[in-house]
Amino acid sequence: MVVEEKNIIRIVKGTILRTNYGTLGASTSTLIYDEGKRILVDVGHYGTRLRLEENLKNSGLSPNSIDYVILTHLNWDHCANIDLFEKSRIFLHKREWEEGNLFGKEDLATKTFKQMLERMKLSIINDDMFKVTENVYTINTFGHTVGHISVLAKSEKGNIIISGDAVPYYRTIKRGYPDIIFYNRDEARKSVSKVTELKPIKIIPGHGPPFNEKGYIEKDEIEIRLVGDDGEDLILKLNRVGEEVATGPIG
Ligand SMILES: [Zn+2]
(Lines give C-alpha, C1' and ligand atoms only; values in the text may rest on other atoms or scores of the structure.)
Protein backbone atom coordinates (compact mmCIF):
# COMPACT_ATOMS: atom_id res chain seq x y z
CA MET A 1 0.00 0.00 0.00
CA VAL A 2 1.07 3.55 -0.68
CA VAL A 3 -0.27 6.78 0.74
CA GLU A 4 -2.83 8.35 -1.58
CA GLU A 5 -2.12 11.90 -2.73
CA LYS A 6 -5.55 13.01 -1.49
CA ASN A 7 -4.50 11.93 2.00
CA ILE A 8 -1.76 14.55 2.12
CA ILE A 9 -3.52 17.78 3.04
CA ARG A 10 -2.29 21.30 3.72
CA ILE A 11 -4.28 21.89 6.87
CA VAL A 12 -2.71 25.38 7.22
CA LYS A 13 -1.37 27.13 4.12
CA GLY A 14 1.98 28.82 4.63
CA THR A 15 3.07 32.12 3.18
CA ILE A 16 5.57 34.93 3.54
CA LEU A 17 4.43 38.50 3.16
CA ARG A 18 7.14 41.14 3.07
CA THR A 19 5.85 44.60 3.93
CA ASN A 20 7.42 47.98 4.77
CA TYR A 21 6.30 47.30 8.36
CA GLY A 22 8.19 44.02 8.55
CA THR A 23 7.80 40.46 7.42
CA LEU A 24 4.78 38.39 8.25
CA GLY A 25 5.23 34.68 7.83
CA ALA A 26 3.11 31.63 8.45
CA SER A 27 4.43 28.13 8.00
CA THR A 28 2.60 25.32 6.26
CA SER A 29 1.11 22.55 8.39
CA THR A 30 0.53 19.34 6.47
CA LEU A 31 -1.65 16.46 7.55
CA ILE A 32 -0.89 12.95 6.27
CA TYR A 33 -3.03 9.88 6.75
CA ASP A 34 -0.99 6.70 6.40
CA GLU A 35 -1.70 3.16 7.57
CA GLY A 36 -4.25 4.31 10.13
CA LYS A 37 -1.99 7.01 11.58
CA ARG A 38 -2.53 10.76 11.46
CA ILE A 39 0.70 12.64 11.02
CA LEU A 40 1.10 16.40 11.20
CA VAL A 41 4.19 18.07 9.75
CA ASP A 42 4.86 21.39 11.53
CA VAL A 43 2.36 23.14 13.78
CA GLY A 44 2.86 26.86 13.10
CA HIS A 45 2.95 29.86 15.42
CA TYR A 46 0.33 31.70 17.48
CA GLY A 47 -0.84 33.72 14.48
CA THR A 48 -2.14 30.53 12.88
CA ARG A 49 -3.17 28.74 16.06
CA LEU A 50 -6.93 29.29 15.70
CA ARG A 51 -6.77 28.44 12.01
CA LEU A 52 -4.99 25.18 12.78
CA GLU A 53 -7.53 24.22 15.44
CA GLU A 54 -10.46 25.25 13.24
CA ASN A 55 -9.17 23.42 10.16
CA LEU A 56 -8.48 20.26 12.15
CA LYS A 57 -12.02 20.50 13.52
CA ASN A 58 -13.43 20.88 10.00
CA SER A 59 -11.62 17.65 9.11
CA GLY A 60 -13.27 15.93 12.07
CA LEU A 61 -10.07 16.05 14.11
CA SER A 62 -8.62 17.74 17.17
CA PRO A 63 -5.01 18.08 18.32
CA ASN A 64 -5.65 15.06 20.56
CA SER A 65 -6.39 12.88 17.54
CA ILE A 66 -2.99 13.46 15.92
CA ASP A 67 -0.75 10.42 16.44
CA TYR A 68 2.55 11.88 15.28
CA VAL A 69 3.89 15.39 14.89
CA ILE A 70 7.05 15.88 12.85
CA LEU A 71 8.84 19.18 13.45
CA THR A 72 10.99 20.05 10.45
CA HIS A 73 13.01 22.39 12.68
CA LEU A 74 12.76 24.55 15.79
CA ASN A 75 12.28 27.99 14.25
CA TRP A 76 9.38 29.50 16.15
CA ASP A 77 7.09 29.88 13.12
CA HIS A 78 7.05 26.09 12.64
CA CYS A 79 6.78 24.83 16.19
CA ALA A 80 5.27 27.34 18.65
CA ASN A 81 1.87 25.58 18.77
CA ILE A 82 3.39 22.28 19.87
CA ASP A 83 1.84 22.61 23.34
CA LEU A 84 -1.52 21.71 21.72
CA PHE A 85 -0.18 18.22 20.98
CA GLU A 86 0.54 16.76 24.39
CA LYS A 87 -0.98 13.40 23.39
CA SER A 88 1.05 13.08 20.16
CA ARG A 89 4.46 11.54 19.66
CA ILE A 90 6.77 14.31 18.47
CA PHE A 91 9.67 13.66 16.12
CA LEU A 92 12.65 15.98 15.93
CA HIS A 93 16.19 15.44 14.65
CA LYS A 94 18.99 15.00 17.20
CA ARG A 95 21.06 17.85 15.79
CA GLU A 96 18.09 20.21 16.00
CA TRP A 97 17.30 19.04 19.53
CA GLU A 98 20.87 19.66 20.65
CA GLU A 99 21.72 22.84 18.76
CA GLY A 100 18.56 24.16 17.10
CA ASN A 101 16.74 27.22 18.36
CA LEU A 102 13.61 29.31 18.02
CA PHE A 103 14.98 32.60 16.69
CA GLY A 104 18.29 31.81 15.04
CA LYS A 105 20.44 31.93 18.16
CA GLU A 106 20.57 30.24 21.54
CA ASP A 107 18.44 32.17 23.99
CA LEU A 108 16.34 31.85 27.10
CA ALA A 109 13.11 31.26 25.16
CA THR A 110 14.67 28.27 23.38
CA LYS A 111 15.81 26.83 26.69
CA THR A 112 12.30 27.11 28.12
CA PHE A 113 10.77 25.70 24.95
CA LYS A 114 13.07 22.67 25.05
CA GLN A 115 12.17 22.09 28.71
CA MET A 116 8.52 21.95 27.64
CA LEU A 117 9.35 19.51 24.80
CA GLU A 118 11.22 17.33 27.26
CA ARG A 119 8.00 16.85 29.22
CA MET A 120 6.13 15.79 26.08
CA LYS A 121 6.33 12.48 24.16
CA LEU A 122 9.47 13.33 22.28
CA SER A 123 11.34 10.98 19.92
CA ILE A 124 14.75 12.08 18.77
CA ILE A 125 15.70 10.97 15.26
CA ASN A 126 19.29 10.20 14.45
CA ASP A 127 18.96 8.47 11.04
CA ASP A 128 18.49 9.66 7.52
CA MET A 129 15.36 8.07 5.94
CA PHE A 130 13.82 7.45 9.34
CA LYS A 131 10.61 5.48 8.85
CA VAL A 132 7.64 7.11 10.58
CA THR A 133 4.95 4.89 9.02
CA GLU A 134 4.92 2.46 6.09
CA ASN A 135 5.05 5.21 3.43
CA VAL A 136 6.30 8.22 5.34
CA TYR A 137 9.96 8.95 6.08
CA THR A 138 11.97 11.86 7.39
CA ILE A 139 14.98 12.90 5.34
CA ASN A 140 17.87 14.98 6.58
CA THR A 141 17.88 18.36 4.87
CA PHE A 142 20.33 20.27 7.04
CA GLY A 143 21.52 23.76 6.25
CA HIS A 144 18.65 26.20 6.80
CA THR A 145 19.09 25.11 10.40
CA VAL A 146 21.54 22.67 11.95
CA GLY A 147 19.20 19.67 12.10
CA HIS A 148 16.43 20.50 9.63
CA ILE A 149 14.45 17.54 8.25
CA SER A 150 11.91 17.17 5.46
CA VAL A 151 9.26 14.50 4.99
CA LEU A 152 9.03 12.06 2.11
CA ALA A 153 5.65 10.47 1.44
CA LYS A 154 5.48 7.69 -1.13
CA SER A 155 2.20 8.23 -2.98
CA GLU A 156 0.53 6.19 -5.71
CA LYS A 157 1.75 8.75 -8.25
CA GLY A 158 5.29 9.22 -6.97
CA ASN A 159 7.25 10.94 -4.22
CA ILE A 160 5.70 13.91 -2.43
CA ILE A 161 8.04 15.97 -0.27
CA ILE A 162 7.01 18.24 2.56
CA SER A 163 10.14 20.31 2.52
CA GLY A 164 9.82 22.81 5.38
CA ASP A 165 12.35 25.62 5.03
CA ALA A 166 14.94 23.48 3.21
CA VAL A 167 12.84 24.59 0.22
CA PRO A 168 10.52 27.31 1.57
CA TYR A 169 9.04 28.22 -1.85
CA TYR A 170 9.53 27.57 -5.57
CA ARG A 171 12.23 30.21 -6.14
CA THR A 172 14.58 28.13 -3.97
CA ILE A 173 14.70 25.42 -6.66
CA LYS A 174 15.88 27.97 -9.25
CA ARG A 175 18.43 29.59 -6.92
CA GLY A 176 19.71 26.31 -5.53
CA TYR A 177 19.52 27.38 -1.89
CA PRO A 178 16.97 29.05 0.40
CA ASP A 179 17.03 32.85 0.88
CA ILE A 180 17.36 32.50 4.64
CA ILE A 181 20.08 30.27 6.04
CA PHE A 182 20.77 30.14 9.76
CA TYR A 183 23.38 27.38 9.70
CA ASN A 184 25.37 26.49 6.56
CA ARG A 185 24.97 27.44 2.91
CA ASP A 186 26.79 24.40 1.47
CA GLU A 187 24.62 22.02 3.43
CA ALA A 188 21.53 24.03 2.49
CA ARG A 189 22.49 23.78 -1.19
CA LYS A 190 23.05 20.01 -0.91
CA SER A 191 19.67 19.65 0.73
CA VAL A 192 17.92 21.38 -2.17
CA SER A 193 19.66 18.97 -4.60
CA LYS A 194 18.72 16.04 -2.38
CA VAL A 195 15.06 17.05 -2.57
CA THR A 196 15.09 17.44 -6.37
CA GLU A 197 17.03 14.18 -6.89
CA LEU A 198 14.12 12.34 -5.30
CA LYS A 199 12.15 13.48 -8.39
CA PRO A 200 9.11 14.56 -6.41
CA ILE A 201 5.86 14.92 -8.33
CA LYS A 202 4.96 17.59 -5.77
CA ILE A 203 6.77 19.63 -3.16
CA ILE A 204 4.74 21.12 -0.33
CA PRO A 205 7.05 23.87 0.93
CA GLY A 206 7.31 25.66 4.27
CA HIS A 207 6.01 29.01 3.04
CA GLY A 208 4.09 28.78 -0.22
CA PRO A 209 1.76 26.70 -2.34
CA PRO A 210 2.73 23.26 -3.67
CA PHE A 211 4.78 23.11 -6.85
CA ASN A 212 6.52 20.73 -9.21
CA GLU A 213 9.61 21.28 -11.35
CA LYS A 214 7.63 23.55 -13.69
CA GLY A 215 6.23 25.89 -11.06
CA TYR A 216 3.32 26.35 -8.68
CA ILE A 217 0.44 23.94 -9.10
CA GLU A 218 -1.89 25.85 -6.79
CA LYS A 219 -2.38 29.63 -6.69
CA ASP A 220 -3.24 30.35 -3.04
CA GLU A 221 -5.15 33.61 -2.86
CA ILE A 222 -3.83 35.95 -0.18
CA GLU A 223 -6.15 38.43 1.50
CA ILE A 224 -4.54 41.49 3.08
CA ARG A 225 -6.75 43.47 5.40
CA LEU A 226 -6.25 46.86 7.04
CA VAL A 227 -8.65 47.48 9.89
CA GLY A 228 -10.81 50.43 8.85
CA ASP A 229 -12.00 53.35 11.02
CA ASP A 230 -15.72 52.76 10.81
CA GLY A 231 -16.11 49.00 10.80
CA GLU A 232 -15.21 48.56 7.18
CA ASP A 233 -11.86 46.92 6.54
CA LEU A 234 -9.76 47.77 3.52
CA ILE A 235 -8.94 44.65 1.66
CA LEU A 236 -6.58 43.58 -1.08
CA LYS A 237 -6.62 40.10 -2.54
CA LEU A 238 -3.72 38.76 -4.54
CA ASN A 239 -2.93 35.36 -5.87
CA ARG A 240 0.46 33.76 -6.12
CA VAL A 241 0.96 34.59 -9.76
CA GLY A 242 0.60 38.29 -8.96
CA GLU A 243 -2.90 38.89 -10.26
CA GLU A 244 -4.97 41.31 -8.23
CA VAL A 245 -8.10 39.34 -7.56
CA ALA A 246 -10.14 41.95 -5.71
CA THR A 247 -9.68 45.21 -3.86
CA GLY A 248 -11.81 47.66 -1.88
CA PRO A 249 -13.64 48.06 1.41
CA ILE A 250 -15.74 45.21 2.73
CA GLY A 251 -18.25 45.07 5.54
ZN1 LIG B 1 9.83 29.17 8.33
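For every chain, the first residue of its written sequence is number 1, and the numbers climb from 1 along that sequence. For this predicted model, a pLDDT threshold of at least 70 governs which residues receive local features, and a threshold of 80 or more governs which side-chain atom pairs are given and counted, while totals over whole chains, interfaces and linings are taken from all residues.

### Some remarks on the pairing of strand β11 (residues 149-154)
Alright, step 1. With C-beta atoms placed from the backbone, the exposure class of a residue follows from how many other C-beta atoms lie within 10 Å of its own: 20 or more, buried; 12 or fewer, exposed; in between, partly exposed. A run of H or I in DSSP becomes a helix once it reaches four residues, and a run of E becomes a strand once it reaches two; helices and strands are each numbered from the N terminus. Burial analysis of β11 places five of its six residues in the buried class, which makes it a mostly covered element.
Alright, step 2. Strands are treated as partners if at least two bridges between them are detected by DSSP. Both β11 and strand β12 (residues 159-164) contribute to a ladder of four bridges, which runs antiparallel. Its bridge partner lying in β12, L152 is registered against I161.
Alright, step 3. Adjacent in sequence and paired antiparallel, β11 and β12 are bridged by four residues, among which G158 carries a positive phi angle near 145°.

### So, the sheet that holds strand β8 (residues 121-125)
Alright, step 1. Strands sit in the order β1-β4-β5-β6-β7-β8 across an open sheet of six strands; the sheet is mixed. Strands with a single pairing partner mark the edges of an open sheet, and in this sheet they are β1 (8-12) and β8. The sheet shows a mean angle of 25° between the axes of neighbouring strands, taken without regard to direction.
Alright, step 2. Here β1 runs beside strand β4 (residues 29-34); their pairing, made up of four bridges, is antiparallel. Counted as the bridge partner of I9 is L31 from β4. Fitted lines through C-alpha atoms serve as axes, helices being fitted only where they are in contact, and the angles separating the N-to-C directions of these axes extend from 0 to 180 degrees.

### A short note on the environment of L234
Alright, step 1. Tracing the backbone shows L234 in strand β17 (residues 233-238).
Alright, step 2. Separated by ten residues in sequence, L234 and I224 have C-alpha atoms that sit 8.2 Å apart.

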